[in-house]
Every structure is written in C-alpha cells, then in structure tokens.
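Close look at the chain arrangement
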Amino acid sequence: MNLPDVSSPERLVATLVRPHEPAELLRDAADLLQKRIGHKLFTILLVCANREDTVRVYSDNLDAYPVNRLKRMGVTAWGDRVIHSGESWIGRNDADIAWAFPDHELIRLLGLASALSVPVMFDGKCLAVLNLQHEANWYRDDHIPMARQLAPFLIPDLLRLERATGAMPSIH
C-alpha cells in the first residue's frame, strides 16, 4: 500500500481508515509533529477517570519513558491548566519544566528544556495530552494550532487504548 507522505495529515487518515494497531497511528502522529513542529521527545498521556492520574500510552523514548506507567499530573498546577481547563501550555526553559513536571531532573538529563503540552479534547473533557519536548525556547505560540489540528485524528485510537488499559478516562 502506498501511504501519503509522513508530513501530511493524509497519512493519519490513510492509517485511521484501514485496520491498524493504535501504536501505528500514534507513531504516524509523532512523525507528523516532528516534521511540522519538531521534538526530541514525544509522549502521550491518557487521563484516568480520577482526573488525578495519567497513563503513558505512547513514547518515542521507551528507555526513559516506558508506556503503561502512571504519572500523577492532575493534581499539579500544570494539570489544572492542561487537564482540567483544557488549555495548551508552553514551557520555554528549565524553570518552566521544573514548575510543570515532577520528573524535571530526568528531562534535564535528556538535554530537554522546553515543552509543548496540548490536550486532546473529546466530549468537553481532556481525554489525553500530547507532550512534545525539545531544547530551550524551541516552542512558539503558533505551534499550538498545528498540534491541536492533529489531536482529533487520535481520538478513536485513544479510546481503544483506554479500553485496553482500563484507564477509563472521565468521559465514561
């Protein structure tokens, strides 16, 4: 099968409409975001029903950030903004990363110092969060709409992963 170029959203559509595993679509999303925005680390956190925990369902660095691991993010100031209010967030430097992420030391060890967090909204609630990380001052405000436009393509597979992991986000 001839797939559209990885830098095109048509690649996501082509994957979505044929039989596939969720990891394949999420990898295509990672590739598209890499081409359009850039990242040195990309993870997706599925929001659990308790709205306090998240479970990592995708990572392009499995050694540092394995999947199927809980991360308590809903109780943080970052969680208030991204998970509970559904707002995107940009961290531009080490201080911002330390404010947002309890694992900021590991992030720093990986040479990362900026982040873009974009909620995947469904039925009025945050289903998951796309997290892109890069060197300091990489992300700009105009990156947010690029990532937000991609997010709805991921909803069907995120719902499949929610059922498979038992994470049961609050949409149920």
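Refer to the structure above for everything that follows.
Residues numbered from 1 in each chain as written. Predicted model: local features only at pLDDT ≥ 70, side-chain atom pairs only at ≥ 80, totals over all residues. Heavy atoms only, no water.

**Points about empty space enclosed by the protein**
Inspection of every chain in the model, using the stated rule, returns one cavity of 30 Å³ or more. Of all the secondary-structure elements, those providing two or more residues to the lining of the largest cavity are β1 (41-47) and β6 (125-134). Top element by residues in the lining of the largest cavity is β1. It accounts for three residues. Considered class by class, the residues forming the lining of the largest cavity number five nonpolar, three polar and two charged. (1 Å grid on protein atoms, 1.4 Å probe; cavity = no way out; pocket = protein on both sides within 12 Å on 5 of 7 lines; lining within 4 Å. Points joined across faces, edges and corners; volume = space filled by probe spheres on them. Helix = DSSP H or I, 4+ residues; strand = E, 2+ residues; numbered from the N terminus. Nonpolar A, V, L, I, M, F, W, Y, C, P; charged D, E, K, R; others polar.)

**Regarding the layout of surface pockets**
Considered as a void within the structure, the largest pocket measures approximately 170 Å³ in volume. Lining of the largest pocket is provided by Pro22, Ala23, Arg27, Val57, Tyr58, Ser59, Leu62, Val67, Asn68, Leu161 and Thr165. Taken together, the elements giving at least two residues each to the lining of the largest pocket come down to α2 (22-36), β2 (53-59) and α6 (143-165).

**Describing the sheet that holds strand β4 (residues 89-91)**
If you trace the six strands from one edge of the open sheet to the other, you get β3-β2-β1-β6-β5-β4, paired in antiparallel fashion. Where the open sheet ends on each side, the last strands, each with one partner, are β3 (70-72) and β4. When the angles between neighbouring strand axes are averaged without regard to direction, this sheet yields 25 degrees. Of the pairings in the sheet, the one linking β4 to strand β5 (residues 114-122) comprises three bridges and is antiparallel in character. In the strand pairing of β5, Gly91 is matched with Ala115. Each of β1, β2 and β6 touches α2; the most contacted strand, β2, lies at about 80 degrees to it. In the packing of α6 onto the sheet, the strands contacted are β1, β2, β4, β5 and β6, and the crossing angle to β5 comes to about 60 degrees. (Pairing = 2+ DSSP bridges. Axes fitted to C-alpha atoms, helices over the stretch in contact; angles between N-to-C directions. Contact = heavy atoms within 4.5 Å.)

**Digging into the pattern of salt bridges**
All chains considered together, the criterion is met by eleven salt bridges. With a closest N to O distance of 2.4 Å, Glu24 and Arg18 form a salt bridge. A relative accessible area of 22% means that Glu24 is categorised as partly exposed. Residue Asp142 pairs with Arg140 through a salt bridge whose shortest N-O separation is 2.8 Å. On the basis of relative accessible area, Asp142 is assigned to the partly exposed category, the value being 37%. On the accessibility criterion, Arg140 (43% relative accessible area) is partly exposed. (Salt bridge = Lys/Arg side-chain N within 4 Å of Asp/Glu carboxyl O. Buried < 20%, exposed > 50% of the residue type's maximum accessible area, 1.4 Å probe, protein only.)

**Some points on the side chain of His20**
Its location among the elements puts His20 in the loop between α1 (9-16) and α2. Among the polar contacts made by the side chain of His20, one reaches the main-chain carbonyl oxygen of Arg18 at a distance of 2.7 Å. Discounting residues that sit within four places of it in the chain, His20 has contacts with Thr15, Leu25, Asp157 and Arg160. (Polar contact = N/O pair within 3.5 Å; in protein donor to acceptor, adjacent residues only side chain to side chain.)

**Here's the deal with the nonpolar core**
Of all hydrophobic cores here, the largest spans 32 residues; its most connected members are Ile44, Leu116, Leu130, Leu154 and Leu158. When residues of this core are traced back to their parent elements, those giving at least two are α2, β1, β2, β5, β6 and α6. If you tally residues by element for this core, the top one is α6, at nine residues. The residues contacting Leu154, other than those within four sequence positions of it, are Leu25, Leu26, Ala29, Ile44 and Leu130. Residues Leu41, Ile83, Trp89 and Leu112 belong to the second largest nonpolar core, which totals 17 residues. (Core = buried A, V, L, I, M, F, W, Y, C linked by side-chain atoms within 4.5 Å.)

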